[in-house]
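Coordinate inspection notes
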Amino acid sequence: MSRKLRMGMIGGSMDAFIGAVHRRAAALDGEIELVCGAFSSNPEKSKATGKALFIDPERVYGSFDEMIEKEKLLPEDQRMDFVSIVTPNHVHFAPAKAALENGFHVIIDKPLAFSVAEAKALQKVVDKTGLILALTHTYTGYPLVKEARQMVKSGKLGKIRKVYVEYPQGWLSTFVERSGNKQASWRTDPSKSGAGGAIGDIGTHAANLAEYITGSNITEINAMLNIVVKGRKLDDDSSMLVKFENGASGVLLATQVAAGEENNLNIRVYGEKGGLEWRQEEPNTLVAKWLDKPKEIIRTGSGYLSDVAKLNTRTPSGHPEGYLEAFANIYLAFARAVRAYKPGKRIDPEKFDFPDVADGVRGMAFVDAVIKSSNSNKKWTQIKG
């Protein structure tokens, strides 16, 4: 396919945070262009966003149904190739299902859906259509996260024994949703966010990162959820013990009431021979600690990195890469898969290295298991996804 891929966007109006991030990430490598959108459930806001983004007014739509219906009628050399869905959680399933059933690939902001039932239903649609669905678990896009995964995969650390993963934020330390903060309002509203608050918003990122680096799924959880800020309807704090299918154990923490914290996602993984430590706020450094030799400081852009890490690096050593580049790596891997797609043939997400619908189902099953564990006296709860 000797052209840019054509992207349509659902959600992401000019006053939405994550929509702009998706647009910048998609555009970074010059392989994708935004050609149409239903940017808001408010048609006027959608039109205003389209105008600000210099989109053809004829291809700025008032709803996702209208966009999918009209784009499908366009000639093949004009219509969008895929849909980017950047809406709140309760508006993930319907547009994703509609896009897939009408022949469009999908990339979607996490979590995959509003509930486990929706996630599993969407997985069936993906299986039936054979089309590609990618999920933007952004942090797996960082070069040194991929390096950490390769080091574990190669056996350099030996058998993995212990995992500590934390995602502390502080932006919900007060009742900011009362002041009209849009991001806080829908994320703390169970009718829009789903059953999980902080655990669904950032806990799923922590769990996904741990599974991605270790190459092992979390199988059981012993969890405690809290609502720290009075009047809030969903959890804003959590702590849990976890068990992995490879026999490792660990601790997972996800909180949005750690005052002073920004996005301090961090992980430590320990095996028989050594350990790894990575922090999202210092993403260009990976620390390797060894049982029988001094620790090593591994840096992005260096010649000694694995081919996988090099493939996901854009700048020379000493020139930091960050969140947008990690986000763009997900889009680039998805774009490569779309270019390689042939009707009737399945794409192996592992080959292209992006989170897929199965990761999305696991994320929703994780949230469900955490809530069940927290509400139960039994405590240890299996993840069923």
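Here is a short report on the structure shown in this document. (Residues numbered from 1 in each chain as written. Predicted model: local features only at pLDDT ≥ 70, side-chain atom pairs only at ≥ 80, totals over all residues. Heavy atoms only, no water.)

**Considerations on unusual backbone geometry**
- Along the chain, Lys 110 connects to Pro 111 via a cis peptide bond; the corresponding omega equals 0°.
- Locating Pro 111 in the fold gives a position in the loop between β4 (105-108) and α5 (116-129).
- A positive phi angle, near 60°, is found at Phe 54, a position not held by glycine.
- Here Phe 54 shows up in the loop between α2 (43-52) and α3 (64-73).
- Phe 54 sits in the exposed class, given a relative accessible area of 76%.
- One non-glycine residue with positive phi stands out, namely Asp 353, at about 65°.
- Position of Asp 353 relative to the elements: it lies in the loop between α12 (349-352) and α13 (357-375). (Helix = DSSP H or I, 4+ residues; strand = E, 2+ residues; numbered from the N terminus. Buried < 20%, exposed > 50% of the residue type's maximum accessible area, 1.4 Å probe, protein only.)

**A short note on the sheet that holds strand β5 (residues 133-135)**
- The parallel open sheet is built from five strands, whose spatial order is β2-β1-β3-β4-β5. In this open sheet, the two edge strands, each paired with only one partner strand, are β2 (32-38) and β5. Across the sheet, the axes of successive neighbouring strands diverge by a mean angle of 25°, strand direction being ignored.
- In terms of strand pairing, strand β1 (residues 5-11) meets β2 through six bridges, oriented parallel. (Pairing = 2+ DSSP bridges. Axes fitted to C-alpha atoms, helices over the stretch in contact; angles between N-to-C directions.)

**A word on the nonpolar core**
- With 61 residues, the main nonpolar core has Leu 112, Leu 133 and Tyr 331 as its most contacted residues.
- Among the elements that take part in this core, helix α11 (residues 323-340) stands out by supplying nine residues, more than any other.
- The residues touching Leu 133, leaving out its near neighbours within four places in the chain, are Leu 100, Val 106, Ile 108, Leu 112, Leu 122, Val 126, Phe 354, Pro 355, Asp 356 and Val 357.
- One finds Val 145, Val 163, Ile 218 and Trp 290 within the second-largest nonpolar core, a separate group that totals 48 residues. (Core = buried A, V, L, I, M, F, W, Y, C linked by side-chain atoms within 4.5 Å. Contact = heavy atoms within 4.5 Å.)

**Topic: the packing of aromatic side chains**
- One pass over the structure, following the stated rule, counts nine aromatic pairs.
- Judged by centre distance (6.4 Å) and plane angle (45°), the ring pair of Tyr 139 and Tyr 323 falls under tilted. Highlighted residues: Tyr 139 in the loop between β5 and α6 (143-154) and Tyr 323 in helix α11, separated in sequence by 184 residues.
- Judged by its relative accessible area of 28%, Tyr 323 falls in the partly exposed class.
- Geometrically, the ring pair formed by Tyr 142 and Trp 278 is tilted, given 5.2 Å between the ring centres and 55° between the ring planes. Of this pair, Tyr 142 sits in the loop between β5 and α6 while Trp 278 sits in strand β11 (residues 274-279), and the two are 136 residues apart along the sequence.
- Tyr 142 gets classed as buried once you look at its relative accessible area, which sits at 2%.
- Overall, Trp 278 belongs to the buried group, its relative accessible area being 1%.
- Every member of this aromatic cluster is reached through a ring pair, and the members are Tyr 139, Tyr 142, Tyr 167, Trp 278, Tyr 323, Phe 327 and Tyr 331.
- Of note, Lys 243 hangs over the ring of Trp 380, and the distance from its end group to the ring centre comes to 4.3 Å.
- Across from the ring centre of Tyr 164, 4.7 Å away, lies the NZ or CZ of Arg 268, which sits over that ring. (Phe/Tyr/Trp six-rings, centres within 6.5 Å; stacked < 30°, edge-to-face > 60°. Lys NZ or Arg CZ within 6 Å of the ring centre and 35° of its normal.)

**Focus: the sheet that holds strand β6 (residues 160-168)**
- Taken in spatial order, the nine strands of this open sheet run β13-β12-β11-β10-β6-β9-β8-β7-β14, and their pairing is mixed. Every interior strand has two partners, whereas the edge strands, β13 (296-299) and β14 (381-382), have only one.
- Two elements, strand β8 (residues 237-244) and strand β9 (residues 249-255), share seven bridges in a ladder whose sense is antiparallel. Counted as the bridge partner of Val 242 is Gly 250 from β9.
- Those strands touched by helix α9 (residues 198-214) are β6, β7 (218-226), β8, β9, β10 (266-271) and β11, and its axis lies near 150° from that of β6.
- Taken strand by strand, α13 contacts β7, β8, β9 and β14, and its axis lies near 55° from that of β7.

**Considerations on the pattern of salt bridges**
- Taken as a whole and judged by the stated rule, the model has 21 salt bridges.
- A salt bridge links Asp 201 to Lys 110, with the shortest nitrogen-to-oxygen separation between them at 3.5 Å. Highlighted residues: Asp 201 in helix α9 and Lys 110 in the loop between β4 and α5, separated in sequence by 91 residues.
- Classification of Asp 201 by relative accessible area gives buried; the value is 15%.
- One salt-bridge network, in which partners are shared between bridges, spans Asp 15, Lys 45 and Lys 182. (Salt bridge = Lys/Arg side-chain N within 4 Å of Asp/Glu carboxyl O.)

**Re the packing of α9 against α13**
- It is at 10 Å that the axes of α9 and α13 come closest, and there the two elements cross at 120°. Here α9 is positioned oblique relative to α13, judged by the angle of their axes. Helix-helix and strand crossings are classified by hand; for α9 and α13 the assignment is right-handed. Taken together, the residues of α13 that come into contact with α9 (itself represented by Ile 199, Gly 200, Gly 203, Thr 204, Ala 207, Asn 208 and Glu 211) are Asp 359, Arg 362, Gly 363, Phe 366, Val 367 and Val 370.
- In terms of residue class, the contact of α9 with α13 is made up of five nonpolar, five polar and three charged. (Parallel < 35°, antiparallel > 145°, perpendicular 65-115°, else oblique. Left-handed = near helix turned anticlockwise from the far one by under 90°. Nonpolar A, V, L, I, M, F, W, Y, C, P; charged D, E, K, R; others polar.)

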